[in-house]
Amino acid sequence: MRATRAAAAAMLLALSGASGCALDAGADSGSITHRRSLAIGVKGDQPGLGLKGRDGRYQGFDVDVATYVAGRLGVPPGRITFRTTPSSQREDALRERDVDLVFATYSITAKRKTQVTFGGPYYVAHQDTLVRSGATGINAVRDLRGKRICAVNGSNSWRRVTDERKIAARPVPVPDYRACMTLLASGGIDAVSTDDLILAGFAAQTGGGVRLLNAPFTDEKYGVGLRKGDLAGCEAVNRALTEMYQDGTAGRLLKKWFATSGVSYTTSVPQFEGCS
Ligand code: GLU
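What you see is a predicted model, and the numbers here were worked out from it, not measured in a lab.

> Explain the site of the ligand to me, using residue names and the numbers behind them.
In the neighbourhood of the ligand, 16 residues make up the surrounding shell, with Lys 43, Ser 87, Thr 105, Asn 156 and Asp 195 lying closest. Ser 87 places a side-chain nitrogen or oxygen 2.7 Å from an oxygen atom of the ligand. Within the backbone of Asn 156, a nitrogen or oxygen atom sits 2.7 Å from an oxygen atom of the ligand. In the shell around the ligand, the residues fall into five nonpolar, seven polar and four charged.

Dropping the structure here:
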């Protein structure tokens, strides 16, 4: 009898060990918690935020924040795969499991919340407007009436002008922000209106020829995109972001990427939205 009990106990132990593995595997498919590796969507064309170099490496504030958060989730840099995820592909990339997380100047909006669970925000940017330095008569968003503005597919920025502010600007569709800057330089558009951090990165790279209006008019809450419903993952991301502000990393990274860009940034911890 005693022997049978011991055998049963051993079997139970073995079973619980096995089910522990099974649980981990289950968590792998459903949540980003307990992952061995992570695929992370970032921008590839935005200096200071997410920029893919000739060597294939990504760098920028979003990349560094993503690396920090992944580390807190137990995934070291060597087991992160970064993937270029333009504005138009962020929701699909998460849904289709091309990426597990998105850190890509991804503003939390009511519409996007119906498709994506958002951690954070990890930063609150503000929409501003960039024009050619010689341009006259454009000093605030209202002056964009009748002007050709850059409309990056999947971005919220141009809609903030035309739909929310009801300013009758003329959106010119393009695939990404690099295309905006090329068009601005060539005279194909009159203005690029988007997040101040994005504009500051480009302005620093351009080194003249452009002028930032310094007339911010929105709050852009940069969220961490997770697959819809991964609430455990979202809570874990929020814990990591809280630590990132508490241990001084957030301030250090903001300084690293934006101190010389001319943009005024804040290092206080943003108000989290709550996971849903
Ligand atoms: N933050 C804005 C958005 O998510 C503009 C930048 C972007 O397209 O990534 O739409």
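> Pulling in residues and values, what's your account of the pairing of strand S8 (residues 127-132)?
By the criterion of burial, S8 is predominantly enclosed, with five of the six residues buried. Both S8 and strand S11 (residues 191-195) contribute to a ladder of five bridges, which runs antiparallel. Bridged to Val 131 within S11 is Ala 191. The pairing of S8 with strand S12 (residues 210-212) spans three bridges and is classified as antiparallel.

> Break down helix H5 (residues 157-164) for me, citing the residues and quoting the values.
Along H5, the residues that are buried comprise Ser 157, Trp 158, Arg 160, Val 161 and Thr 162. The elements touched by buried residues of H5 are S8, strand S9 (148-152), strand S10 (170-174), helix H6 (177-186), S11 and strand S13 (220-227). Lys 166 sits one or two positions beyond H5 and adopts a positive phi of about 55°.

> Could you give an account of the pairing of S9, with specific residues and numbers?
With four of its five residues buried, S9 lies for the most part within the structure. Of the crossover connections in this fold, the one passing from S9 over H5 to the parallel S10 is right-handed.

About the thresholds
Residues numbered from 1 in each chain as written. Predicted model: local features only at pLDDT ≥ 70, side-chain atom pairs only at ≥ 80, totals over all residues. Heavy atoms only, no water. Near = heavy atom within 4 Å. Polar contact = N/O pair within 3.5 Å; in protein donor to acceptor, adjacent residues only side chain to side chain. Nonpolar A, V, L, I, M, F, W, Y, C, P; charged D, E, K, R; others polar. Buried < 20%, exposed > 50% of the residue type's maximum accessible area, 1.4 Å probe, protein only. Helix = DSSP H or I, 4+ residues; strand = E, 2+ residues; numbered from the N terminus. Pairing = 2+ DSSP bridges. Contact = heavy atoms within 4.5 Å. Right-handed = clockwise from strand over helix to strand, strands pointing away.

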